[in-house]
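# Examining the three-dimensional arrangement
Here's the letter readout for the chains.
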Amino acid sequence: MNSSDRTPADLLRSALAADPARPLVTFYDDATGERVELSVATFANWVAKTANLLQGDLAAEPGDRLALLLPAHWQSAVWLLACSSVGVVADVQGDPAAADLVVTGPDTLERARACRGERVALALRPLGGRFPQAPEGFADYAVEVPSQGDRFAPFAPVDADAPALAVGGMELTGAQLVARAREDAGALGLVPGSRLLTGRTYDTWDGLSAGLFAPLAAGGSVVLCRHLGQLDADGLAQRTESERVTNTAV
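Residues numbered from 1 in each chain as written. Predicted model: local features only at pLDDT ≥ 70, side-chain atom pairs only at ≥ 80, totals over all residues. Heavy atoms only, no water.

Within a sheet, neighbouring strands are paired by backbone hydrogen bonds and run either parallel or antiparallel to one another. Strand order in this open sheet of five strands is S2-S1-S11-S10-S12, and the pairing throughout is mixed. Only two strands of the sheet have a single neighbouring strand rather than two, namely strand S2 (34-39) and strand S12 (247-249). Within the sheet, the average angular offset between the axes of one strand and its neighbour, ignoring direction, is 15 degrees. Pairing analysis gives five bridges linking strand S1 (residues 23-29) to strand S11 (residues 221-226), with the strands arranged parallel. Counterpart to Asp-29 in the pairing with S11 is Arg-226. (Pairing = 2+ DSSP bridges. Helix = DSSP H or I, 4+ residues; strand = E, 2+ residues; numbered from the N terminus. Axes fitted to C-alpha atoms, helices over the stretch in contact; angles between N-to-C directions.)

Take a look at the structure:
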């Protein structure tokens, strides 16, 4: 990746320029049997659409705080990069009452109602499916995002030295996040082309780093597994082989 990259959105742009066709996020949910694979180009398209929704329809501005109440999931990864693209602080599992807007999964809808700003809900169904009926008081992400533009340009430049991520009582600027992700990539032994399998949750820095930021910083990809504990040893060995896994962080 480019040494000049200073935000997660910069890392994604560099990955897109280098090899848009390679896998970036391969997601498994071992409770449902779901598998989704997104190339760099497909992931970047989802990020662009989501960033346009965030900046346009939801009127989010740089410095706004978004409470991200989502599990380890490919759509969560999309929202993290969309926030970086706009300059919004992604407050992972943060307090909705203290946030400017909230993005929630189906299991945290009641908690999310504490947000007095815009509210977006994700059904987290296979293939990005919508709710059978949108929860009252929430925009259904799967309904709102498809019509958004495929290219994104921020209204204002994103400051790499402004807060970008809050998780587990820690707050990082975009530049600090990228630096830590690069350090973690080295500690995990990641190099360009590495495939990291992880079952870590997205409510800690270690989980976010292994599940997205470190592979992205290294020019690698992630096999992100939700409910990995439901997979037996033989199943894990088969997945490791079939997905050409080179590194693990479980």
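Let us look at the environment of Thr-248. Tracing the sequence through the fold places Thr-248 in strand S12. With 49 residues separating them along the chain, Thr-248 and Gly-199 place their C-alpha atoms 8.8 Å apart. Those residues within four positions of Thr-248 in sequence are excluded, and the remaining contacts are Leu-196 and Leu-197. (Contact = heavy atoms within 4.5 Å.)

Our next topic: the side chain of Arg-22. Topologically, Arg-22 is positioned in the loop between helix H1 (8-18) and S1. Of the side chains with opposite charge, Asp-19 comes closest to the buried, unpaired Arg-22, at an N-O distance of 4.9 Å. Contacts of Arg-22, omitting those with residues within four sequence positions, involve Ala-15, Ser-39, Val-40, Gly-219, Gly-220 and Ser-221. (Buried < 20%, exposed > 50% of the residue type's maximum accessible area, 1.4 Å probe, protein only. Lys, Arg positive; Asp, Glu negative; His and termini not counted. Salt bridge = Lys/Arg side-chain N within 4 Å of Asp/Glu carboxyl O.)

Here the focus is the pattern of salt bridges. Any two side chains of opposite charge can pair, on the condition that their charged atoms come close. Counted according to the given criterion, the structure contains 12 salt bridges. Across the salt bridge formed by Arg-35 and Glu-37, the nearest N and O atoms sit 3.0 Å from each other. The class for Glu-37 is partly exposed, based on a relative accessible area of 39%. In the salt-bridge network here, residues are joined through shared partners; they are Arg-35, Glu-37, Arg-195 and Glu-243.

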